[in-house]
Amino acid sequence: MRKHACLWVLLLLGCVAAATGFQSRPPAIKIPFETYTLPNGLTVVLASDAATPTVAVTAWYHVGSKNEMPGRTGFAHLFEHVMFTGAGHTPYGVHDRFTEGVGGSNNGTTSNDRTVYFETVPSNYLETALWLESDRMGFLLDALDVDKLNAQRDVVKNERRQSVDNQPYGLASEILSSTIYPPSHPYSWSVIGSMKDLSAASVEDVKNFFRLYYAPNNAVLSIAGDFEITQTKTWVKKYFGDIPRGKPISRPSIRPVTLDKETRLVFEDRVQVPRLYIQWPTVGEDSDDRFALYVLDAIMSGPRTARLTKALVYDQQSASTVGARQDSSEDVGDWRITITPRPGHSLTEVEAAADAILDKLKAEGPTQEEIQRATAGQEFDFVSGLQSNLGKSMTLADGGGIHNNPGYFQTEYQKMLAVTSADVKRVANKYLSKGRVVLSIVPTGKLDQAAKPSESKPYRKVEQ
Amino acid sequence: MNPVRRKATLALVLLFTGVVALAQQSLDRSKTPPPGKTPFLHVPAWTKTALPNGAELIVSEKHDLPLVAFLITFQGGTYQTESSSRRGLAAITASMMNEGTKSRDGEALSNALQLLGTSINVNIGGESGSMGFQSTTSKFPQALDILADMLLNPAFPAEALERLRAQRLVALTQAKDQPASIASRVFPRILYGAGHPFGQNVTEESLKAITRDEVAAFHKAYFQPGRALIAVAGDVNASSVKNTVEKALGAWPKGGEKPAFAYPALPAPHSPTIFLVDKPGAAQSTFAIGNPGPPRNTPDYYALQVMNTMLGGMFQSRLNANIREEKGYSYGISSSFAYGKGPGAFRTGGDIVSAKTDAALVEFMKELRGIEGSRPITDEELTTAKDSLIQRLPGTFASVQSINSAIVSLWTQGLPDDYYQQYSAKISDIRKEDVVRVAKQYIDLDYLTIVIVGDRASIEAPLKSAGVAPIVLTDIEGNLR
């Protein structure tokens, strides 16, 4: 499979090179790496490349908002903040001092499925970075105190205000997720969580969460950049080898949902321009159907010849912007259309127009040229990504963590290029059916601006 | 670790060679591992020539990946080229260049670029503009030919102008719902006034006034080789790529020159004032605090870089450490200088929870006074700021795109070719007294502008009580109410 796809790319490149007379080497759809597992269960990935004198270290943990307990939404992300407040041997501030303070950078990110910590440092600070990451993996609780938790709780509440509550249309994603998934479904609540639950999080919660999920057997350590492999292996063993393995983690099976009917909602927001969201539940990262859904979104929106964009923005000129995108988490996914109408055009009108375009696609499938256009940028995107040590370390970590294969990016790349017109037609018909959520966000007091207002139920914001 | 203990460990290892586990147990995590040898600074090399039409060409070869970044940069931007009644003309012209050429309509252009896996971006900023793309090596000549067609033969269809105008009007309406966008419109307006290009925003009226003839005229006057630098970085050969570029742009006739960067005088300064923009029900107050700053060519640039790194350029800078990390009033506070040919702004700010608007303002003022001398700079602060600035440099040339930007910025800002080689020494020279001096000189606490976009009903009274500065109400365009 791998060999076949590579050959295909090679042939394609070869043709172009012959046509233009420009020299071309085989495309670099590879990241040379080594991987191994420490006795405590820590997966280690090393990708050495001296092109830029920096090293990126990613500490990837298989835990996210879907692992939160009832009444503790937002906790996984709040915990991420706590990981920057110092650990047993690295007091608060030291982490920043030896990353950003030596010309590097650091950050963390939490999603439904994973929590990822990363730093890029000048290559001579790799050992320091390993010391920092290992200390918070092994000794976070030695430095934990309630004041630090409280300060980060306030910071996270402000993060929520800044990205959700004080943002026009900011609540759209929360409304859509909480409608598509039943209340007990782990993907029904947002990663940022509710203000009430953030207030409730305790030091005890931090301890329990840390002991279960922040163990080496639930983590991937991925290092990419300018470093010497043998020396680095010694350091990895030195700093991470004595961190004890944690308890086994049970992972309840989480299934994607299907909807048997359309739910229509309207939400009043402090906006002047209404906006329409249509979202269907699709598939997660365990289903290869997502590749055809990615190709479908590229065929529908983006460049001016993408179908929805062409119809609504260019031909009918009823919309100012149109977006369509497939988003896959580990267990579930969704396909979403977002449309901002132009003045004088209603959400009802743009919804009908979008549906007509989708129906045509479902009936006929895309052309071969549309598939080509949608996937032609893949090679550039991949090779361009290789310039970033951080990007490489994160790609390898995610493949190792989710797919048990740091080299999974190659499989993904090949599967994207293998999508056919028939695949796209099939997934469009299978997933973009009548079971969906249609959300209108309208200016306060203008419920009549909703798409099909008489059929749309006002959404009441739950007090956060 | 004390020397005695180290000796003892060594003796043990000598006695029982192979007792690796024991050696590992002795790991002293409280000791910071020392850094290795500082990596050598490899500044990319480049060649510089000129095309027959006067455009300058720089090429920087990098062959580890099959990638090319191509960028034409034009000296001068909206501040030099737009009139106050036509704000938005440059941006619309830039978009219009993607709308088709004499031989390819907009769809044909888009399809061709998609199949090459690239897109051609045209942007015109305040003091410079650019047109460029990135591609794999094999697609570079074809993408360059399309760029040349867009540059030299744009069709500017009238219907496209109407569509772009309508889209921009919607985006402008949406921007006025967004607290950060409002602050970014009001702050420069107060700082520079309606008579200074820095203080003029795109408006409904200016967008509605733009005509197709103006777009065509703007294009003709602006996209000229006499003000252009062509930069190519990546997997190319310097001499052969020169031929490729010359051939692709062979029809680009000589013309144009670098603009003068003359700006009107700044408005008379005012004593510190809070300009409050009411955003009823806002969960946070968006702050923008500052004053007009120095141009990029100020001899104080390096001292200012060190000063700002300490004040608000890093996560553990004074402002963020205090207002976010210690107080929890915000998700993030930063500060910056907008360097250029003119008096770009010093600006600090962030989004503050409404209930702490007054308390946060007091802390902002405290830190600004602090960096001007009331809170002494520690040795550790100075070292960290310098280390951060100096050691960041080797990593900044990682991508073909960042190599282009690094070289092009020397040209746009008039900096010497050995700027990056000199940088470390210039930063190292900065002393604490330099930091305090430039803070005092360039952050003028007697004439500070404080813009706050927030829920007037809940924040006005506490702000008044805080007594930092008088409050003036403005609308979302920065007009006094």
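**So, the overall build of chain B**
Helices and strands together make up the secondary structure of chain B, namely 19 helices and twelve strands. Along the longest, intermediate and shortest principal axes, the C-alpha atoms of chain B span 80 × 65 × 40 Å. Long-range pairs, those at least 24 residues apart, make up 80% of the contacts in chain B with a sequence separation of at least 6.

**A word on the interface of chain A and chain B**
At the junction of the two partners, chain A supplies 65 residues and chain B supplies 67 residues. Secondary-structure elements contributing two or more residues to the side of chain A that touches chain B are helix H1 (2-20), helix H3 (94-97), strand S5 (115-122), helix H4 (126-139), helix H5 (146-165), helix H13 (368-375) and helix H14 (378-385) of chain A. Here the side of chain A that touches chain B takes eight residues from H5(A), the largest share from any one element. Among the residues making up the side of chain A that touches chain B, the classes are represented as 22 nonpolar, 26 polar and 17 charged.

**Things to note about the domain arrangement of chain B**
A common way to state how big an interface is: give the accessible area lost once the parts meet. Residue and element names in this part refer to chain B. Annotation of chain B at the domain level lists domain 1 (47-248) and domain 2 (273-414 + 421-474). Relative placement of domain 1 and domain 2: their C-alpha centres are 30 Å apart. At the junction of the two partners, domain 1 supplies 29 residues and domain 2 supplies 25 residues. Considering every element that reaches the side of domain 1 that touches domain 2, the biggest residue donor is helix H8 (residues 179-192), with ten residues. A per-class count over the side of domain 1 that touches domain 2 returns 20 nonpolar, seven polar and two charged.

**As for helix H12 (residues 301-313) of chain B**
All names here are of chain B. If you check H12, its first and last C-alpha atoms are just 14 Å apart, much less than what 13 residues at 1.5 Å a residue would give, namely 18 Å. Taking the largest bend as the criterion, H12 deviates by roughly 25°, centred on Met-307. The element H12 is extensively covered by neighbouring structure, given that twelve of its 13 residues are classed as buried. Three or more residues of H12 are buried, namely Tyr-302, Ala-303, Leu-304, Gln-305, Val-306, Met-307, Asn-308, Thr-309, Met-310, Leu-311, Gly-312 and Gly-313.

**Topic: the confidence of the model for chain A**
In this model, chain A carries an average pLDDT of 93, and 93% of its residues clear a pLDDT of 70 or more. Note that residues 1-26 of chain A has pLDDT below 50 and, in this model, 31 contacts with residues that lie over four places away or in other chains.

**Here's the deal with the packing of helix H15 (residues 379-392) of chain B against helix H17 (residues 419-428) of chain B**
Packed helices, taken two at a time, are described by the angle their axes make and the gap between the axes. All names here are of chain B. Their axes nearest at 9 Å, the elements H15 and H17 cross at an angle of 180°. When the axis of H15 is compared with that of H17, the two are roughly antiparallel. Facing Lys-386, Leu-389 and Ile-390 of H15, the residues of H17 in contact are Ser-424, Ile-427 and Ser-428. For the contact of H15 with H17, the class distribution of residues is three nonpolar, two polar and one charged.

**Regarding the sheet that holds strand S7 (residues 273-278) of chain B**
All names here are of chain B. The sheet built from six strands is open, its strands ordered S9-S10-S8-S11-S7-S12 with mixed pairing. For this open sheet the edge positions go to strand S9 (330-337) and strand S12 (471-474), each flanked by a neighbour on one side alone. Ignoring strand direction, the axes of neighbouring strands in this sheet form an average angle of 20°.

**A look at the environment of Thr258(A)**
Along the polypeptide, Thr258(A) turns up in the loop between helix H9 (229-240) and strand S7 (263-269). Beyond its immediate sequence surroundings of up to four residues, Thr258(A) is in contact with Pro281(A) and Gly435(A).

**Quick look at the sheet that holds strand S11 (residues 437-443) of chain A**
Residues and elements named next belong to chain A. Taking strand neighbours across the sheet as the criterion, the six strands line up as S9-S10-S8-S11-S7-S12 in an open arrangement whose pairing is mixed. Each having just a single partner strand, strand S9 (319-328) and strand S12 (457-458) make up the two edges of the open sheet. Where strand S8 (residues 275-281) lies against S11, five bridges are found, and the strand directions are antiparallel. Its bridge partner lying in S11, Gln-279 is registered against Val-437. Where helix H12 (residues 347-364) meets the sheet, its contacts fall on S8, S9, strand S10 (333-341) and S11, and the angle it forms with S10 comes to roughly 130°.

**Overview of the environment of Ala233(B)**
Residue and element names in this part refer to chain B. As for its placement among the helices and strands, Ala-233 is situated in strand S6 (residues 228-234). Taking the C-alpha atoms as reference points, Ala-233 and Ser-402, separated by 169 residues in sequence, lie 9.1 Å from one another. Discounting chain neighbours no more than four positions away, the residues touching Ala-233 are Ser-60, Lys-62, Ala-69, Val-400, Ile-403 and Asn-404.

**Quick word on the confidence of the model for chain B**
Residue and element names in this part refer to chain B. Chain-level statistics for chain B give a pLDDT mean of 94 and a share of 95% at 70 or above. Contacts of residues 1-24 to residues separated by more than four positions or lying in other chains number ten contacts, the stretch itself having pLDDT below 50. Per the prediction output, this complex has pTM 0.93; the corresponding ipTM is 0.92.

**What to know about helix H10 (residues 212-222) of chain B**
All names here are of chain B. Turning to H10, its buried residues are Val-215, Phe-218 and Tyr-222. Along H10, the residues classed as buried sweep out an arc of 65° about the axis, all on the same side. For H10, the exposed residues lying more than 90 degrees away from the buried face are Asp-213, Lys-220 and Ala-221. The elements touched by buried residues of H10 are strand S3 (67-75), helix H3 (78-81), helix H4 (89-96) and helix H7 (158-175).

Thresholds applied
- Residues numbered from 1 in each chain as written.
- Chains lettered and ligands numbered in written order.
- Predicted model: local features only at pLDDT ≥ 70, side-chain atom pairs only at ≥ 80, totals over all residues.
- Helix = DSSP H or I, 4+ residues; strand = E, 2+ residues; numbered from the N terminus.
- Contact = placed C-beta atoms within 7 Å.
- Nonpolar A, V, L, I, M, F, W, Y, C, P; charged D, E, K, R; others polar.
- Domains from an automatic or database assignment.
- Expected span 1.5 Å × (residues − 1).
- Bend = angle between axes of the 7 residues up to and from the residue.
- Buried ≥ 20, exposed ≤ 12 C-beta atoms within 10 Å, placed from the backbone.
- pLDDT = per-residue confidence, 0-100.
- Axes fitted to C-alpha atoms, helices over the stretch in contact; angles between N-to-C directions.
- Parallel < 35°, antiparallel > 145°, perpendicular 65-115°, else oblique.
- Pairing = 2+ DSSP bridges.
- Arc of directions from axis to C-beta.

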